[in-house]
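# Report on the structure
Spelled out, the chains give:
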Amino acid sequence: RLCQVKMLCGDWSRVCTYCATTYVDPKTTIFFDPPYESHEDVYSQKSSVSQDVRKYCIEKSDTQMRMVITGYEDEHDELLNYGFTKEAGNRQCGMVRSKRNQENIWYKV
């Protein structure tokens, strides 16, 4: 199943270029797991990675590209307006094991 998988590492904005995504295959699938907005303090600086990835997903929502993004609670619910589906994940996962945080995935296939 993974013989045609290309795994890229690095800053997401450097990796998600036309050549690495739609040029190779218009139906490229990208899995994003950005830092949770509610836990930016863990990264010792204010980060907008989660917001930037969400904006990228919105910009690419009218393409054939398939995207998956993870987050807590309603962090990416804005994507529901752009054809994404939300699935509830495990209540106790991620860096903080708390019953108040539920990790979810939003996807467009």
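To keep things clear, this report deals only with the structure shown in the data block. (Residues numbered from 1 in each chain as written. Predicted model: local features only at pLDDT ≥ 70, side-chain atom pairs only at ≥ 80, totals over all residues. Heavy atoms only, no water.)

### As for the state of the cysteines
Per the counting criterion, the structure on display carries zero disulfides. Counting only cysteine sulfurs, Cys57 is the nearest neighbor of Cys16, a cysteine outside any disulfide, at a range of 8.4 Å. (Disulfide = S-S within 2.5 Å.)

### Focus on the nonpolar core
Ile30, Phe32, Tyr56, Cys57, Ile69, Leu79 and Phe84 are the most contacted members of the largest nonpolar core, which totals 13 residues. With four residues, the top contributor of residues to this core is helix α2 (residues 49–59). Not counting chain neighbours up to four residues away, the residues in contact with Phe32 comprise Trp12, Cys16, Val53, Tyr56, Cys57, Val68, Ile69 and Thr70. (Core = buried A, V, L, I, M, F, W, Y, C linked by side-chain atoms within 4.5 Å. Buried < 20%, exposed > 50% of the residue type's maximum accessible area, 1.4 Å probe, protein only. Helix = DSSP H or I, 4+ residues; strand = E, 2+ residues; numbered from the N terminus. Contact = heavy atoms within 4.5 Å.)

### Digging into the pattern of salt bridges
Under the definition given, this model contains two salt bridges. A salt bridge links Glu78 to Arg54, with the shortest nitrogen-to-oxygen separation between them at 3.7 Å. Taken together, the positions of Glu78 in the loop between β2 (66–72) and β3 (85–88) and Arg54 in helix α2 put the pair 24 residues apart, joining distant regions of the chain. When the shortest N-O distance is used, the salt bridge between Lys86 and Asp77 registers 3.0 Å. Residue Asp77 is classed as partly exposed on the basis of its relative accessible area, which comes to 25%. (Salt bridge = Lys/Arg side-chain N within 4 Å of Asp/Glu carboxyl O.)

### Quick notes on α2
If you check which residues of α2 are buried, you get Ser50, Val53, Arg54, Tyr56, Cys57 and Ile58. Along its buried surface, α2 packs onto α1 (12–15), β1 (29–32) and β2.

Remember that the coordinates give geometry; whether it matters functionally is a separate question.
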